[in-house]
Amino acid sequence: MANDHPEFFDYAQRIEDQRLFNAHQEWKHNTFFGKLTTSVLSYAQNSDFFGAIADGLSYQNDNGSYVSPYARTISICLVLSIVIVGIVGVYAIGNIVQTLIGDEIVIEQEIIIEETVKLSDLMKENGDDDDDDEDNDDNGNSNDRDCDGGDSAKRRNKKIKCKVQ
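Residues numbered from 1 in each chain as written. Predicted model: local features only at pLDDT ≥ 70, side-chain atom pairs only at ≥ 80, totals over all residues. Heavy atoms only, no water.

Enquirer: I tried to follow the overall build of the protein on my own but got confused; where do I start?
Expert: In terms of helices and strands, the protein carries six helices and two strands. Order of helices (α) and strands (β) in the protein, N terminus to C terminus: α-α-α-α-β-α-α-β. Each of the 165 residues in the protein was classed as buried or not, and the buried ones make up 10%. Long-range contacts, defined here as pairs at least 24 residues apart, represent 36% of the contacts in the protein between residues at least 6 apart. Here the protein has roughly 14400 Å² of accessible surface; of this, 57% comes from carbon and sulfur atoms. (Helix = DSSP H or I, 4+ residues; strand = E, 2+ residues; numbered from the N terminus. Buried < 20%, exposed > 50% of the residue type's maximum accessible area, 1.4 Å probe, protein only. Contact = heavy atoms within 4.5 Å. Areas by Shrake-Rupley, 256 points an atom, 1.4 Å probe, with all protein chains shown as cover.)

Below, the structure written as structure tokens:
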């Protein structure tokens, strides 16, 4: 039955092809990705770079003779291996130079705040309001337990060098 009217089937196929072509043209003109595809394709047709890629992937040599897919695969793998060796070489040289120079430069500074503190203020800060002579020597001077990095200095996260008056 399909052989009864071959010209009708050819006509129906042409109508279907025309409908698909019109839908594709509408997509290219009315959508963002259609416009993007059109612009990339127009750039690629005039680009030497994309032409060189297409020539590299073809199965013909420059003189027009046929090259087997196996030989083409081997040549592409050789080119890729040369590129990878170059990248690894640059990375290795960078690591050697970084080892010679050093990882980073660190500048450390120690800040010492010198503060004059009265013994009565120091006792109030420690919570010692009674007059015990534990922290004083025979002359009434402080043993500087809290001034040179004691508990109160640690609470304030400061290094304090005290002079007791």
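Enquirer: Help me understand the packing of aromatic side chains in this model?
Expert: For any pair of aromatic rings, geometry is given as the distance between the ring centres together with the angle between the planes. In the structure shown here, the tally under the stated rule is two aromatic pairs. Ring centres of Phe8 and Phe9 lie 5.8 Å apart, and the angle between their planes is 70°; on these two criteria the pair is classed as edge-to-face. Geometrically, the ring pair formed by Phe32 and Phe33 is edge-to-face, given 5.3 Å between the ring centres and 75° between the ring planes. Across this residue pair, the class does not change: Phe32 and Phe33 are exposed. (Phe/Tyr/Trp six-rings, centres within 6.5 Å; stacked < 30°, edge-to-face > 60°.)

Enquirer: How should helix H2 (residues 32–45) be read in this particular structure?
Expert: End to end, H2 covers 20 Å across 14 residues, agreeing with the expected 20 Å (1.5 Å per residue, within 8%). Here H2 starts with a cap whose side-chain oxygen sits 3.1 Å from the backbone nitrogen of Gly34, and that cap is Thr31. (Expected span 1.5 Å × (residues − 1). Polar contact = N/O pair within 3.5 Å; in protein donor to acceptor, adjacent residues only side chain to side chain.)

Enquirer: What is the right way to look at the environment of Ser65 in this model?
Expert: Structurally, Ser65 is set in the loop between helix H3 (48–57) and helix H4 (69–101). Once residues within four sequence positions are removed from consideration, Ser65 is found in contact with Tyr59 and Gln60.

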